[in-house]
Amino acid sequence: MNNKKPKMKIDVLLGLQWGDEGKGKIVDVLTPRYDVITRFQGGPNAGHTLEFNGEKYILRSVPSGIFQGEKLNIIGNGVVLDPLLFREECENLAKSGHDITGRLRISKKAHLILPTHRMLDAALEAAKGHDRIGTTGKGIGPAYTDKVSRNGLRVGDLLHGFEARYAAAGSRHKALLRALNYNCDMADLEARWLESLAYLKQFRLIDGEHEINRLLSEGKSILAEGAQGTMLDIDFGSYPFVTSSSTVCAGCCTGLGVSPGSIGEVYGIFKAYCTRVGSGPFPTELTDRTGDLLGDRGHEFGSVTGRRRRCGWIDLVALRYAVMINGVSRLIMMKSDVLDTFETVRACVAYRIDGKETRDFPFEISETALEPVYVELPGWQTDMTKMKREDEFPKAFNAFLTFLETELGVPIHIVSVGPDREQTILRHTDPDGRAK
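Let us look at the structure shown here.

About the thresholds
- Residues numbered from 1 in each chain as written.
- Predicted model: local features only at pLDDT ≥ 70, side-chain atom pairs only at ≥ 80, totals over all residues.
- Heavy atoms only, no water.
- Axes fitted to C-alpha atoms, helices over the stretch in contact; angles between N-to-C directions.
- Helix = DSSP H or I, 4+ residues; strand = E, 2+ residues; numbered from the N terminus.
- Parallel < 35°, antiparallel > 145°, perpendicular 65-115°, else oblique.
- Left-handed = near helix turned anticlockwise from the far one by under 90°.
- Contact = heavy atoms within 4.5 Å.
- Nonpolar A, V, L, I, M, F, W, Y, C, P; charged D, E, K, R; others polar.
- Buried < 20%, exposed > 50% of the residue type's maximum accessible area, 1.4 Å probe, protein only.
- Phe/Tyr/Trp six-rings, centres within 6.5 Å; stacked < 30°, edge-to-face > 60°.
- Core = buried A, V, L, I, M, F, W, Y, C linked by side-chain atoms within 4.5 Å.
- Pairing = 2+ DSSP bridges.
- Polar contact = N/O pair within 3.5 Å; in protein donor to acceptor, adjacent residues only side chain to side chain.

### Brief notes about the packing of helix H2 (residues 83-95) against helix H6 (residues 187-200)
Working step 1: The geometry of H2 relative to H6 is characterised by a closest axis approach of 8 Å and an angle of 60° between their N-to-C directions. For the element pair H2 / H6, the angle class is oblique. H6 is crossed by H2, and the crossing has left-handed handedness. Facing Pro-83, Leu-84, Phe-86, Arg-87, Glu-88, Cys-90 and Glu-91 of H2, the residues of H6 in contact are Leu-189, Arg-192, Trp-193, Glu-195, Ser-196, Leu-197, Tyr-199 and Leu-200.
Working step 2: Residue composition of the contact of H2 with H6, grouped by class: nine nonpolar, one polar and five charged.

Structure below.
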């Protein structure tokens, strides 16, 4: 008889829009159910904001489960890591009383962001002129470029011949910067970056794929935390205005070293409206007073960059597409309270392109030839920020939820009515309070 325990599944939490959906808060809410929290892609441009006990925390590379007791947190191989920014982040957490050294592990196969990657990011973006994408300038794109071109440096290289590899990479990058006529004076930045390597090496550096699969085999529950959003995915996003990594569920497999059969629940997070940072198409963008109101009520400023986000009505064409690509099994709606004061709310259910209506997300979005097709629904005009239970929801808000579930074909299990951990309401729950 085989008494071996069945291998656990890894649950995945993803953003379904253009990022900034509120993933950090939800990871923090969900982590009590899990033994391990992981990050599987992205870099320090993705700031996950968490608020509890009257304090606000912004995490850039550290997984959002770091605040929950003795949970194990792992930075996976799909992440690109800047040692300098990582050190600053960890030291800020330590100042607030969170000692994370024993609770955080880093995959040796995660790639490093070098000081010259930051310079290249700025130089390449400047060279694009009006066609610039609007990167955060953290060196993430050039780091992923080096990874794909087989020129990258990995965390594990710190233990094996790092100096020679670092010198070769720096020479190559500086030649590119000179060709772009970009000033590569980076002595101070490089000195601080090199000092941060010793700090990084105090953490446990692991063979992430082996450790994560071993934890699953031991029956440990794992939540994988995505960065950015589906519509910024390198393959399926609004290319070329995308990030440099795979932000979709498939990216969890390559970013952690787990098989597709190891994926369990897929939590998809979206806002009750839409936002986007930087350049790129945004079919439902509002450049009028309504857009300003959404931005003001939603405090729509980047947690890392401080840039104001573009705002618009919810786009169900893009959202249905994201649900399909990721195989979403449970939806989570954020910032419902931002719509509290509107007499009516709108939702884009289709696009009209060259006079023809489509519910499918197209190969390319041309904002001049695309017209959103909206459905208008009554607003609830009720302050929801103090609500604790689903049975307190206004009738009009429940109708909005039902409409979204019908359009998306997936139930909405969690509704957020404010930024704090406590302002989170479970729907469709079992007697023990867990979402069905």
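### Focus: helix H1 (residues 23-30)
Working step 1: For H1, the tally of buried residues reaches seven of eight residues, placing the bulk of the element in the interior.
Working step 2: Within H1, the full set of buried residues consists of Lys-23, Gly-24, Lys-25, Ile-26, Val-27, Asp-28 and Leu-30.

### Focus on the packing of aromatic side chains
The geometry of an aromatic ring pair comes down to the distance between the two centres and the angle between the two planes.
Working step 1: For the structure on display, the rule yields 13 aromatic pairs.
Working step 2: Judged by centre distance (5.6 Å) and plane angle (70°), the rings of Trp-313 and Phe-342 are edge-to-face. Residue Trp-313 is found in the loop between strand E13 (310-312) and strand E14 (314-315), and its partner Phe-342 is found in the loop between strand E15 (330-334) and strand E16 (344-353); the two are separated by 29 residues along the sequence. Here the two residues Trp-313 and Phe-342 agree in accessibility, since each one is buried.
Working step 3: Of the aromatic side chains, those joined through ring pairs into one cluster are Trp-380, Phe-393, Phe-397 and Phe-400.

### Concerning the nonpolar core
Working step 1: Leu-339 and Phe-400 are the most contacted members of the largest nonpolar core, which totals 60 residues.
Working step 2: Take this core: its biggest share by element is six residues, from helix H11 (residues 395-408).

### Some remarks on the pairing of strand E2 (residues 36-39)
Working step 1: Neither face of E2 is open: one carries Val-36 and Thr-38, the other Ile-37 and Arg-39, and all of them are buried.
Working step 2: Examined bridge by bridge, E2 and strand E5 (residues 72-75) share four bridges and lie parallel to one another. The residue of E5 that forms the bridge with Thr-38 is Ile-74.
Working step 3: Here E2 pairs with strand E10 (residues 222-225) via four bridges, running parallel. Across the sheet, residue Thr-38 finds its bridge partner in E10, namely Ala-224.

### Here's the deal with the side chain of Arg-309
Working step 1: Examined against the element boundaries, Arg-309 turns out to sit in the loop between helix H9 (289-297) and E13.
Working step 2: Separated by 3.4 Å, the side chains of Arg-309 and Asp-20 make a polar contact.
Working step 3: Looking at Arg-309, its side chain comes within polar contact range of the side chain of Glu-300, at 2.6 Å.

### Regarding the sheet that holds strand E20 (residues 424-426)
Working step 1: The strand order across the open sheet built from 10 strands is E9-E7-E5-E2-E10-E1-E11-E15-E19-E20, with neighbouring strands paired in mixed fashion. Two strands bound the open sheet, and with one partner strand each, they are strand E9 (204-206) and E20. For this sheet, the mean angle separating the axes of adjacent strands, direction not counted, is 25°.
Working step 2: As judged from the three bridges shared by strand E7 (residues 104-107) and E9, these two strands associate in the parallel manner. Bridge assignment links Arg-105 to a residue of E9, and that residue is Arg-204.
Working step 3: Each of strand E1 (10-15), E2, E10, strand E11 (263-271), E15, strand E19 (412-416) and E20 touches H1; the most contacted strand, E1, lies at about 155° to it.

By themselves, these observations are geometric and do not establish any function.
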